[in-house]
Amino acid sequence: MWATLITWCSRLGFALRRRRLDEETRYEIDTHVDLLVDRYIRSGLTPEEAYVRARRQFGSVTAVRQEISEMNGIQFVDDLRQDLRVAVRALRSAPLVSAIAIVSFTVGIGANSAVFSIVNAVLLKPLPYPDPDRLVLLGYTFSGAAVPLVSETKLNVWKDQAVAWQDIAALRARRVAITLGDQAEQVHALQTNTDFFALFGARAALGRVFTAVEDRPGGDRVVLLSDGFWKRRFGSDPHIIGRSLRIDGTTATIVGVLDGNVDTTIFNVVPDVWIPLQLDPNSTDHPPSLTAAARLRPDATMALAQARARVAGREFHRRFPQASGPQDTFTIVPFQDALVQGIRPSLLVLVGAVVFVLLISCVNVANLMLIRGSVRRQEIAIRTAIGATRRQIVRQLATESLLQAFIGGSLGLAFGEVGVRMLLALNPADLPRIGPDAAAVTIDWRVALFTFLISALAGLVCGVWPAMRLATGDQRLHVGSDGRSGATTRERSLRGLLVVSQMALALVLLVGATLLIRTFVSLKAADRGYDGDRVLTLRAALVDGRFTTTSSVERLVRTTVERVAAIPGVIGAAATRTLPLESDWRTSVSIVDRPLNEPSIVSYRIISPEYFDVLHVPIVQGRALIDGDGPGAPPVAVINQAMARRYWPDGDALNSRLIAFPGLVPDDEPARDIVGIVGNVRDGMPLDQDERPTVYVSLAQLRDRESASQAPAGLAWIIRTRSESAALVRSIEREIGQAGGNSPIADVRSMNQLAARAIAPTAFSMSVLTVFGACALLLAVTGMYGVSAYAVQQRTYEIAVRLAIGAPSHQMRNMVLLEGLKLASCGVALGIPAAIALAGTLSAFLFGVVPHDVPTFAMASLVLSATAFAAVWLPATRASRIDPAKILRGA
Amino acid sequence: MDVLQGTLDLMVLQTLGSMGPLHGYGIARRIEQISQDVLKLNEGTVYASLTRLQHEGWISASWGISENNRKAKFYAITRAGRRQLATETDNWQRISGVIARLLRTAEQP
């Protein structure tokens, strides 16, 4: 082993000094011959005779020098250098063909490395935390649905049952109002326990993180600043520790500044401040409001942890029999899996599509190589004649395509990177783990290696196979050929086959892209059940402790609605806890006097009475919520049509009463009279085919306890206006802020912006697939053009003869056109079944269009055929313009 | 009589082993002198042999001035070369002994 290594190193030494060694050999040999000549002259020969004698005695000077030079070099390196030199020359001698090949590779490989860089950032890169493989996300199942959250009660059980896991981190993102001097600002806060910092390796750059004592209920009010917030609001003041600021009206001491590298983007939050969770070990709070993660103990396997999780689930059911069903259980999911679960399918679609692009570009290059090859038959034949082996020829041709692939690959890497950044800048598509401004999508060693490997693979596939075909057979046939009559029927049909497969692949991509475009259009055009034009939304924090009772919130909402409605240009305003299309709460419901068989998870929205009016949601039956539905009045609820249809198929919903959160809250929710049915609002996941059953209750009819627990989330406002002027927006913000006692405003967005954000992932898939479809079309067209142009060139003589004996020129044109169309229609015929087979995989991403949508298929086929027609038009016209006299005389 | 490649390498190694550092011309002359016109040697092959031996690490090369005041590359046997020479000499003697015996028995009817 060592010996081999040493030998190789010394060989490398010789190879590196080779040029100098060659010179030295030359000197030695010359001296040697000179000395021999001298010796013979001294022995009496004439200089001529002496020279001849010396040369004979020495043997062939060139042969020896060659032999030594080769010995000093490394065969493989030499061959490569030689092949590369020839390859560069070959590429230069056919710049157009080489350029097309390189562009094909650039498109194919670039698209792949771009998609891979996203896949790399989202799926492959290890999480930036210590021991990422042992991180797990805690959750539970509820009526069969997996919930990736825990409640305070559940978290306490998780902690008590911690035999297979340690460092249980819990966190809750919220908005808080920070008051510094007289300036209030609404910022993102992350409430975490102490374990969080250990679990995620988060360290304080200044000061310290929370202590266990501070994390207990009633612990000191302390706050940690994020690096960004510290820089922005405190100008990186190093003496910040120990100062205090007001959070939601209470004073808290700054104990530290967190390291800027703490990555919380995976929780979809970039917090400005961190506050202790101060979880009560005797909490009876059941709503799932916490994200919780833990680290498996070093000796625990995933299976063991899952088994222990089930035990914990049973323990929870024993402690709180009301709060979970017998089938509900605790779950543990590897952290990385949990993060990307949702996005994986759509990334896989992109990966599938991009492989098609690569295939098409490879077919393109292989085809070009075949075409070029038949022109180069003569060259290859001559090389063979002067002693090149078949292997050498294949190696030479493969080097050429590899060279093209690597040039294309490098260009593709650069363009792909730029492209993916532009795409993500336009639309981050809610991809997890890509960081702010998609900063995590970069060219790292994985992306570089991947690009290198697919370049090598593509280069080899496109080079070796055509080369093998070219180097086979009797080369003597081609020595004297002019390279124009060389194409055999078999070769022509092979090239035809390649074009057909390209067309088929392109059709599949076109169908996919069209389906997603149609989905996007239907999503945009879909009747969402409300009118979002000129509707503004914003969030307002409830700054001080005044708004923790239902009546105080009700008074605030009523005065604010009046003040905002009084602004000229405002039509109406409504308050809600959750904005449509942004978030909602889920709950189970029970119906009084009627047990439900099926699980009953519904959306639960807490609104002010103006909500339906402002959003133009129609009242279908009964009445809307009114101001009279206040704290003292009988509790009521309004449901949507989907809910009415699902649970009251006989249409008697209005006479029923329902209970939300049955068993989940300590003091039981009141039974609410259903007083009205409103139209369905598509305010959940945009791709949902069915409207979600929804219950609406009034902000004024919550129990005080609920109002208090929701106070930190603040209120969201929905305002319908007559115009979208900035001045109007400013005065609305001012009015709402003042009404809430200087409450900070955040997230000012129009309803239509919310809608656009909701369909962003679809828009992203659509734009990527459309780009791929366009690339595929372009590549296929290039392939089609190449084959057809080459065919015309090959048949120039034949066409000239036909024209000379009286064939009309348009007949020649039609002949070429027809041939092209034949290929295109074969491609379409092959592509349609393939597309039908693959369109099914898209069905989860479609909305308003079925996977086997006939117009889509017709449209894609038409576009492909039309483009193919355009591609053969030029060669066809050329065929009709051939001047027989010139060609025949020239021949 | 032509010289086999492996044999030439051994001859060159032996020459350097017994004579000390020499340049290519000197090695050729020494072999000529020893073989007394029995062997016909293309002297160019000596240089190929020298390159091979260098690659194996059995000899080393350095520039010096020859007896007639020319710049010349001198080759010297290395310690590894001496070891190799011993092994090879051993082998050679054993094989030539075997072959000699073989040939003797073949001559007897």
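Shown above is the structure to which this text applies.
Description of the structure in this document. (Residues numbered from 1 in each chain as written. Chains lettered and ligands numbered in written order. Predicted model: local features only at pLDDT ≥ 70, side-chain atom pairs only at ≥ 80, totals over all residues. Heavy atoms only, no water.)

1. Brief notes about the overall build of chain B
Assigned secondary structure in chain B consists of four helices and three strands. Ordered by position in the sequence, the α and β elements of chain B form the string α-β-α-α-β-β-α. In terms of overall dimensions, chain B has C-alpha extents of about 60 × 30 × 20 Å along its principal axes. Within chain B, buried positions represent 39% of all 109 residues. Restricting to contacts in chain B with at least 6 residues of sequence separation, those with at least 24 account for 49%. (Helix = DSSP H or I, 4+ residues; strand = E, 2+ residues; numbered from the N terminus. Buried < 20%, exposed > 50% of the residue type's maximum accessible area, 1.4 Å probe, protein only. Contact = heavy atoms within 4.5 Å.)

2. Regarding the overall build of chain A
In terms of helices and strands, chain A carries 28 helices and 22 strands. Its C-alpha radius of gyration of 38 Å places chain A more than 25% over the 29 Å reference for a compact globule of 891 residues. With the C-alpha coordinates of chain A rotated into their principal frame, the extents come out at 130 × 80 × 55 Å. Residues classed as buried in chain A amount to 53% of the 891 residues present. In chain A, the share of contacts with a sequence separation of at least 24, taken over all contacts with a separation of at least 6, comes to 81%. As presented, chain A carries roughly 40,000 Å² of accessible surface, and 59% of it is formed by carbon and sulfur atoms. (Rg over C-alpha atoms; globule rule 2.2 N^0.38 Å. Areas by Shrake-Rupley, 256 points an atom, 1.4 Å probe, with all protein chains shown as cover.)

3. Concerning unusual backbone geometry
Residue Arg534(A) is not a glycine yet carries a positive backbone phi of 55°. Residue classification places Arg534(A) among the partly exposed positions, given a relative accessible area of 41%.

4. Considering the pattern of salt bridges
What the rule picks out here adds up to 36 salt bridges over all chains. Between Glu185(A) and Arg232(A) there is a salt bridge, with the nearest N and O atoms lying 3.0 Å from each other. In this pair, Glu185(A) is assigned in strand E4 (residues 183–192) and Arg232(A) in helix H9 (residues 227–234), connecting sequence segments 47 residues apart. Here Arg232(A) falls in the partly exposed class, since its relative accessible area comes to 47%. Salt bridges here are not isolated pairs; linked through shared partners, they connect Arg39(A), Arg29(B), Glu32(B) and Glu43(B). (Salt bridge = Lys/Arg side-chain N within 4 Å of Asp/Glu carboxyl O.)

5. Some remarks on the sheet that holds strand E2 (residues 59–65) of chain B
Note on sheets: strands pair through backbone hydrogen bonds, and any given pair is parallel or antiparallel. Strand order in the open sheet formed by three strands is E1-E3-E2 (chain B), and the pairing between neighbours is antiparallel. Every interior strand has two partners, whereas the edge strands, strand E1 (22–23) and E2 of chain B, have only one. As judged from the seven bridges shared by E2(B) and strand E3 (residues 71–77) of chain B, these two strands associate in the antiparallel manner. Counted as the bridge partner of Ser62(B) is Phe74(B) from E3(B). Its contacts with the sheet place helix H2 (residues 18–42) of chain A against E2 and E3 of chain B, and it is angled at close to 105° to E3(B). (Pairing = 2+ DSSP bridges. Axes fitted to C-alpha atoms, helices over the stretch in contact; angles between N-to-C directions.)

6. Details of a nonpolar patch on the surface
Together, Ile95(B), Val98(B), Ile99(B), Leu102(B) and Leu103(B) make up a nonpolar patch on the protein surface, roughly 450 Å² of accessible area in all. By the secondary structure assignment, Leu103(B) is in helix H4 (residues 79–107). (Patch = residues over 30% accessible without salt bridge, like charges linked within 9 Å, V, L, I, M, F, W, Y side chains within 5 Å.)

7. A closer look at helix H25 (residues 796–804) of chain A
Residue and element names in this part refer to chain A. Of the positions making up H25, those classed as buried are Thr796, Ile799, Ala800 and Leu803. The arc that holds every buried residue of H25, seen down its axis, measures 100°, which confines them to one face. Remark: Gly806 follows H25 within two positions and exhibits a positive phi of approximately 110°. (Arc of directions from axis to C-beta.)

8. Here we look at the environment of Gln327(A)
Tracing the backbone through its elements, the reader meets Gln327(A) in the loop between helix H10 (302–319) and strand E11 (330–334). Residues Gln327(A) and Arg314(A) lie 13 residues apart in sequence; the distance between their C-alpha atoms is 9.5 Å.

9. Some remarks on empty space enclosed by the protein
Taken as a whole, this structure holds nine cavities of 30 Å³ or more when the rule is applied. Its boundaries defined by the atoms lining it, the largest cavity holds a volume of some 120 Å³. Along the wall of the largest cavity there are 15 residues; nearest its centre are Thr31(A), Leu35(A), His23(B), Tyr25(B) and Ala72(B). The set of elements that each furnish at least two residues to the lining of the largest cavity consists of H2 of chain A together with helix H2 (24–35) and E3 of chain B. Here the lining of the largest cavity takes five residues from H2(A), the largest share from any one element. (1 Å grid on protein atoms, 1.4 Å probe; cavity = no way out; pocket = protein on both sides within 12 Å on 5 of 7 lines; lining within 4 Å. Points joined across faces, edges and corners; volume = space filled by probe spheres on them.)

10. Some words on the environment of Ala205(A)
All names here are of chain A. Looking at the secondary structure, you find Ala205 in strand E5 (residues 204–207). Taking the C-alpha atoms as reference points, Ala205 and Asn261, 56 residues apart in sequence, are found 9.8 Å from one another. Leaving out residues up to four positions away in the same chain, Ala205 has contacts with Val257, Leu258 and Asp259.

11. Considerations on a positive patch on the surface
Residue and element names in this part refer to chain A. Residues Arg19, Arg81, Arg85 and Arg89 make up a contiguous surface patch of positive charge. The dominant element in the positive patch, judged by the number of residues it contributes, is helix H5 (residues 75–93), at three residues. Locating Arg89 in the fold gives a position in helix H5. (Lys, Arg positive; Asp, Glu negative; His and termini not counted. Charge placed at Lys NZ, Arg CZ, Asp CG, Glu CD.)

12. Examining the side chain of Gln278(A)
Residue and element names in this part refer to chain A. When you line up the elements, Gln278 lands in the loop between strand E9 (273–276) and strand E10 (291–296). Side-chain polar atoms of Gln278 contact the backbone oxygen of Asp220, separated by 3.4 Å. Setting aside anything within four residues of it in sequence, one finds Gln278 in contact with Glu214, Asp215, Arg216, Pro217, Gly218, Gly219 and Asp220. (Polar contact = N/O pair within 3.5 Å; in protein donor to acceptor, adjacent residues only side chain to side chain.)

13. Some details on the packing of aromatic side chains
All names here are of chain A. All chains considered together, the criterion is met by 21 aromatic pairs over all chains. Taking 5.8 Å as the distance between ring centres and 45° as the angle between the ring planes, the aromatic pair formed by Tyr611 and Tyr696 counts as tilted. Taken together, the positions of Tyr611 in helix H19 (residues 611–615) and Tyr696 in strand E20 (residues 694–698) put the pair 85 residues apart, joining distant regions of the chain. Among the residues examined, Tyr611 registers a relative accessible area of 1% and is labelled buried. Looking at Tyr696, the relative accessible area reads 1%, which means it is buried. Here the basic side chain of Arg17 rests over the ring of Phe14, its NZ or CZ set 5.1 Å away from the ring centre. (Phe/Tyr/Trp six-rings, centres within 6.5 Å; stacked < 30°, edge-to-face > 60°. Lys NZ or Arg CZ within 6 Å of the ring centre and 35° of its normal.)

14. Overview of the nonpolar core
In this structure, Phe196(A), Phe200(A), Trp274(A), Phe335(A), Phe772(A) and Met784(A) are the most contacted members of the largest nonpolar core, which totals 110 residues. Sequence-distant contacts of Met784(A), that is, excluding residues within four places in its chain, are made with Val499(A), Met503(A), Gly820(A), Leu823(A), Ala824(A), Ala868(A), Ala871(A) and Val872(A). (Core = buried A, V, L, I, M, F, W, Y, C linked by side-chain atoms within 4.5 Å.)

15. Some remarks on the interface of chain B and chain A
Each partner contributes to the interface: chain B provides 23 residues, whereas chain A provides 24 residues. Note on chain B versus chain A: buried area summed over both sides is about 2,100 Å², and carbon and sulfur give 55% of it. For chain B, the biggest contributors to the area lost against chain A are Tyr25(B), Tyr47(B) and His55(B); these three give 32% of the whole. For the pair chain B and chain A, the interface holds three salt bridges. (Buried area = accessible area lost by both parts, 1.4 Å probe.)

16. Quick look at the pairing of strand E18 (residues 657–660) of chain A
All names here are of chain A. The alternating pattern of E18 places Leu658 and Ala660 on a buried face and Arg657 and Ile659 on a face that is not buried. By the bridge criterion, three bridges tie strand E14 (residues 585–591) to E18 in an arrangement that is antiparallel. Paired with Val589 across the bridge in E18 is Ala660. Pairing analysis gives two bridges linking E18 to strand E19 (residues 672–678), with the strands arranged antiparallel. Across the sheet, Leu658 pairs through a bridge with Arg672, a residue of E19.

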